[in-house]
There are 2 protein chains.
Amino acid sequence: MPSYRLDAIDRHILAALQRDARLTNVQLAEEVSLSPSPCLRRVRQLEAAGLIRGYHAELDRGGVGLGLTVFVGIKVERHHEAQANAFREAVVALPEVVSAHLVSGESDFLLQVVVADLAAYECFLTGTLLRLPGVSDIRSNFAIQTVKEHGPLPLGRLEGEGREPMPVARRP
Amino acid sequence: MPSYRLDAIDRHILAALQRDARLTNVQLAEEVSLSPSPCLRRVRQLEAAGLIRGYHAELDRGGVGLGLTVFVGIKVERHHEAQANAFREAVVALPEVVSAHLVSGESDFLLQVVVADLAAYECFLTGTLLRLPGVSDIRSNFAIQTVKEHGPLPLGRLEGEGREPMPVARRP
DNA sequence: GCTACAGTTGGCAGAATATGCCAATGAAAA
DNA sequence: TTTTCATTGGCATATTCTGCCAACTGTAGC
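Definitions and cut-offs
Residues numbered from 1 in each chain as written. Chains lettered and ligands numbered in written order. Predicted model: local features only at pLDDT ≥ 70, side-chain atom pairs only at ≥ 80, totals over all residues. Heavy atoms only, no water. Least-squares fit on C-alpha atoms with pLDDT ≥ 70 in both. Contact = heavy atoms within 4.5 Å. Buried < 20%, exposed > 50% of the residue type's maximum accessible area, 1.4 Å probe, protein only. Helix = DSSP H or I, 4+ residues; strand = E, 2+ residues; numbered from the N terminus. Pairing = 2+ DSSP bridges.

In the annotation of an unreviewed UniProt entry, chain A is listed under the name Lrp/AsnC family transcriptional regulator and assigned to Halomonas gemina.

Student: I'd love a proper account of the relation of the copies chain B and chain A, names of residues and values included.
Tutor: Each copy superposes on the other: chain B lies on chain A with an RMSD of 0.0 Å after a rotation of 180° and an axial shift of 0.0 Å. The superposition operator between the copies reduces to a two-fold rotation axis. In terms of C-alpha distance to the rotation axis, chain B has His56 of chain B as its closest residue, with the C-alpha 2.8 Å off the axis. Interface residue correspondence from chain B to chain A reaches 100%, placing this contact among same-surface, isologous pairings.

Student: Tell me about the pairing of strand S4 (residues 97-103) of chain B, and name the residues and values.
Tutor: Counted residue by residue, S4 of chain B has 6 buried out of 7 residues, so it is predominantly covered. Inspection of the sheet shows strand S6 (residues 135-148) of chain A paired to S4 of chain B by 4 bridges, in the antiparallel sense. Considered in S4 of chain B, the bridge of Ala143 of chain A is made with Val103 of chain B. The pairing of S4 of chain B with strand S5 (residues 109-115) of chain B spans 5 bridges and is classified as antiparallel. Looking at S5 of chain B, one finds that Val97 of chain B is bridged to Val113 of chain B. The turn linking S4 of chain B back onto S5 of chain B is made up of 5 residues, and Gly105 of chain B within it adopts a positive phi angle of 105°.

Here it is in structure tokens:
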């Protein structure tokens, strides 16, 4: 289990696959100035190391009939640890919840919820969210306009083009 | 320009590609119980209709050295429309900003920002965000734990398995 | 300076896949 | 029933995937 170091080519590969996950290995190899064999090997290594967690199609939410995105701030009663775990597990299992983070600040959790319309959200809020274990307060912020979405991670911000810039641990 | 209607097979295709964008067309065809030819044709149609906006690799943020995610609420002075546009364009151009929405509620905009660490965020906040045009207030909520991320859109919540459920317009 | 060595690369070949074309199928309209 | 139209499945060819092996590069040790 060697600990992993990303060189410039690895970052180039990650950036390219982040932009277009359906690149052919031949295309990818050409983009990063490598022949297909070592390119594929690097991709497999990045996958095995857990740096690439998956490949996903990005869908048009409005187009598939999911027109409403809501950012939901939730406060929970922090008395029991078991209750907090129950809350987390419940949230993970909800298909309408696209992402959920424990955050600092006013709310304890920040959820991104995707539903068809306001009626569906009302149903989800009163029928599901408000009944989750330990919830003490919910604040719903509706997305009125999407300015930017699914932006790529800023890999360019890591380090220059140095040889072996950054030690990276394998999956914890 | 035929307006688009999703049937059960289309939704199945979308769900599968959302889960794993590197599925082979042969695998995808088998999963949706179609032969490769019509399967590929449907995928191409879904892409052309704009329902599939792209395919992206999901990276491990910590693994690539981007260990800090911050949700940033921003209030802007709403006096000039031109100023609001300038703000939007500036935000879109920032690589650290992974997503940005105009939202209802306390803040006007909600940004998701990804940086290496707290020092990088301090630099980004004081050197970039606070200097954006029209910003009047900024509230930073740090992600302490990621409970769920990149959850698939809940296509199952759309309609039953009816024939031609839902009219969908082409790209606006 | 020279040798041994570890890691990486590039090329090759067989298997699998992508993709355009055409006939066949099935359902709705006349 | 017949016509029409959209969709499907199969086929052939070009491209790609992927494991294997030899060559190369840079480093450490002698």
